[in-house]
Amino acid sequence: MRYGPEHKQAARKRILQAAGRGFRKNGYGGIGVDGLAKAAGVTSGAFYGHFSSKDEAFKLAVIEGLEELRGGVVHLRETLDAQWLPAFVDYFLGAKRLCDLDDSCASQSLTSEVGRAPATIKKEFETKMIEVIEAIAGGLKSGSIEQRRQKAWGLMSVLTGAVTMARAVNDQAIGESIALAARQMALNSGADS
């Protein structure tokens, strides 16, 4: 029985989502194609039927994860208007800090992995992060576009670093202190003053 193109696209998406979870949980070096395929419920051969290499799957998982982040920013801006920024910061420092690593945000779980990746993957990361920054800057009201972009870079740097640090400590109270300090700094960096 031959499957149609919709089936192949659905299978590719399912495999890519499983790969993204695997990379976020284990890191690029901590999981191989066999592990990625197993997590997706396919054979290694089926994995290679959709992706030419582990690098390609990683690159696409990074792109998809950052697109999800950008889409979340746009959604919050559209639905919460002036209150979008505190909601975004609280979600990032709350739910995305406390969730299982495989469900975490790509910006905090994959950025350090991208730092060790080939230049082609870094370029894709950069392109998608610029789109995230543009979405954030577009939701800020004061300052020139360049000033709003700088605020957006500062905001994402604070949030990404804070979640990474809070996940690295053993004491939950220290993790909460990191998140609270980062919340204040993030809201100040994105403030429309």
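The residue numbering used here restarts from 1 in each chain and proceeds along that chain's sequence as written. With the structure being a predicted model, the display of local features is reserved for residues of pLDDT at least 70 and the display and counting of side-chain atom pairs for 80 or more, all residues being used for whole-chain, interface and lining totals. Only hydrogens and water are set aside; all other atoms, that is, all heavy atoms of the structure, feed into the side-chain values.

Here a strand is any run of E in DSSP of at least two residues, a helix any run of H or I of at least four, and the numbering for each starts at the N terminus. When you go through the protein chain residue by residue, the secondary structure sums to 11 helices and zero strands. Mapped from its N terminus to its C terminus, the protein chain presents α and β elements in the order α-α-α-α-α-α-α-α-α-α-α. A compact globule built from 193 residues would reach a C-alpha radius of gyration of about 16 Å, and the protein chain, at 18 Å, matches this within 12%. The dimensions of the protein chain, computed from C-alpha atoms along their principal axes, are 60 × 40 × 30 Å. Only protein chains enter the accessibility calculation, which uses a 1.4 Å probe; a residue is then buried when its area is under 20% of its type maximum, exposed when over 50%, and partly exposed in between. Looking at the protein chain as a whole, 42% of its 193 residues qualify as buried. A separation of at least 24 residues holds for 67% of the contacts in the protein chain among residues at least 6 apart in sequence. The protein chains shown are the only cover counted for residues, whose accessible areas, like all others here, come from Shrake-Rupley with a 1.4 Å probe. Accessible area of the protein chain: about 10300 Å², with a carbon and sulfur share of 54%. We compute the radius of gyration over the C-alpha atoms and compare it with the globule rule, which gives 2.2 Å times the number of residues raised to the power 0.38. Should any heavy atoms of two residues lie within 4.5 Å, those residues are considered in contact.

Right, let's get into the confidence of the model for the protein chain. Parts of the prediction with low pLDDT should not have their coordinates interpreted in detail. A residue-level look at the protein chain finds 95% of positions with pLDDT of 70 or above and a mean pLDDT of 89. Across the protein chain, element-level confidence peaks in helix α9 (residues 119–139) with a mean pLDDT of 96 and bottoms out in helix α6 (residues 95–98) with 78. Within a predicted model, pLDDT stands for the predictor's per-residue confidence, ranging from 0 to 100.

Let's shift gears to the packing of aromatic side chains. Here a pair means two rings of Phe, Tyr or Trp (six-membered ring of Trp) with centres within 6.5 Å. Their orientation is stacked below 30 degrees between planes, edge-to-face above 60, and tilted elsewhere. All told, the structure shown has seven aromatic pairs when counted by the stated rule. Two conditions define a charge located above a ring, namely a distance within 6 Å from the ring centre to NZ of Lys or CZ of Arg, and an angle within 35 degrees of the ring normal. Its end group placed over the ring of Tyr28, Lys54 keeps NZ or CZ at 4.1 Å from the ring centre.

A few words now on the packing of helix α5 (residues 84–93) against helix α11 (residues 172–189). Every axis corresponds to a line fitted to the C-alpha atoms, with the helix fit spanning only the stretch in contact, and the corresponding angles, defined between N-to-C directions, vary from 0 to 180 degrees. Close contact between α5 and α11 brings their axes to 10 Å; oriented N to C, the two are set at 155°. Here α11 runs roughly antiparallel to α5, going by the angle between their axes. Both α5 and α11 take part in a crossing whose hand is right-handed. When α5 is examined against α11, the residues Leu85, Pro86, Val89, Asp90 and Leu93 are found in contact with a partner set consisting of Ala179, Ala182, Arg183, Ala186 and Leu187. What sets the label is the angle itself: under 35 degrees gives roughly parallel, over 145 gives roughly antiparallel, 65 to 115 gives roughly perpendicular, and the rest give oblique. Each helix crossing is assigned a hand: it is left-handed if the near helix lies turned anticlockwise from the far helix by less than a right angle, otherwise right-handed if that turn is clockwise.

A general feature of soluble globular proteins is that nonpolar side chains tend to end up buried together. Joining through side-chain atoms within 4.5 Å is the link that ties buried Ala, Val, Leu, Ile, Met, Phe, Trp, Tyr and Cys residues into a set, and such a set is a nonpolar core. Counting 56 residues, the largest nonpolar core has Phe23, Phe88, Ile136, Met156 and Leu159 as the members making the most contacts within it. If near-sequence neighbours (up to four positions away) are discounted, Phe23 is found in contact with Tyr28, Ile31, Leu36, Lys54, Ala57, Phe58, Ala61 and Leu110.

With that settled, consider the environment of Phe47. Along the chain, Phe47 falls in helix α3 (residues 44–50). Phe47 gets classed as buried once you look at its relative accessible area, which sits at 0%. The contacts of Phe47, once residues within four sequence positions are left out, are Ile15, Val33, Leu36, Ala37, Val42, Ser53 and Ala57.

Attention shifts here to α9. Helix span is expected to be 1.5 Å times the residue number reduced by one. Over its 21 residues, α9 extends 30 Å from the first C-alpha to the last, a length consistent with the 30 Å expected when each residue adds 1.5 Å. Elements in contact with the buried residues of α9: α4 (54–80), α5, α8 (111–115) and α10 (145–168).

This next bit is on the environment of Gly72. For Gly72, the position within the fold is in helix α4. Distance in space between the C-alpha atoms of Gly72 and Gln108 is 15 Å, their sequence separation being 36 residues.

Moving on, we come to the pattern of salt bridges. Salt bridge, as used here: a side-chain nitrogen of Lys or Arg that lies within 4 Å of a carboxyl oxygen of Asp or Glu. Overall, the coordinates contain 10 salt bridges when judged by the stated rule. For Lys128, the salt bridge goes to Glu131, with nearest N and O atoms at 2.8 Å. Placement of both Lys128 and Glu131 in helix α9 is noted, with a separation of three residues, approximately one turn of the helix. The class for Lys128 is buried, based on a relative accessible area of 12%.

Examined against the element boundaries, Glu113 turns out to sit in helix α8. If near-sequence neighbours (up to four positions away) are discounted, Glu113 is found in contact with Gly27, Tyr28, Gly29 and Phe58.

A word on the environment of Ala106. Tracing the sequence through the fold places Ala106 in helix α7 (residues 106–109). Distance in space between the C-alpha atoms of Ala106 and Ala137 is 19 Å, their sequence separation being 31 residues. The contacts of Ala106, once residues within four sequence positions are left out, are Arg24, Gly65, Leu66 and Thr111.

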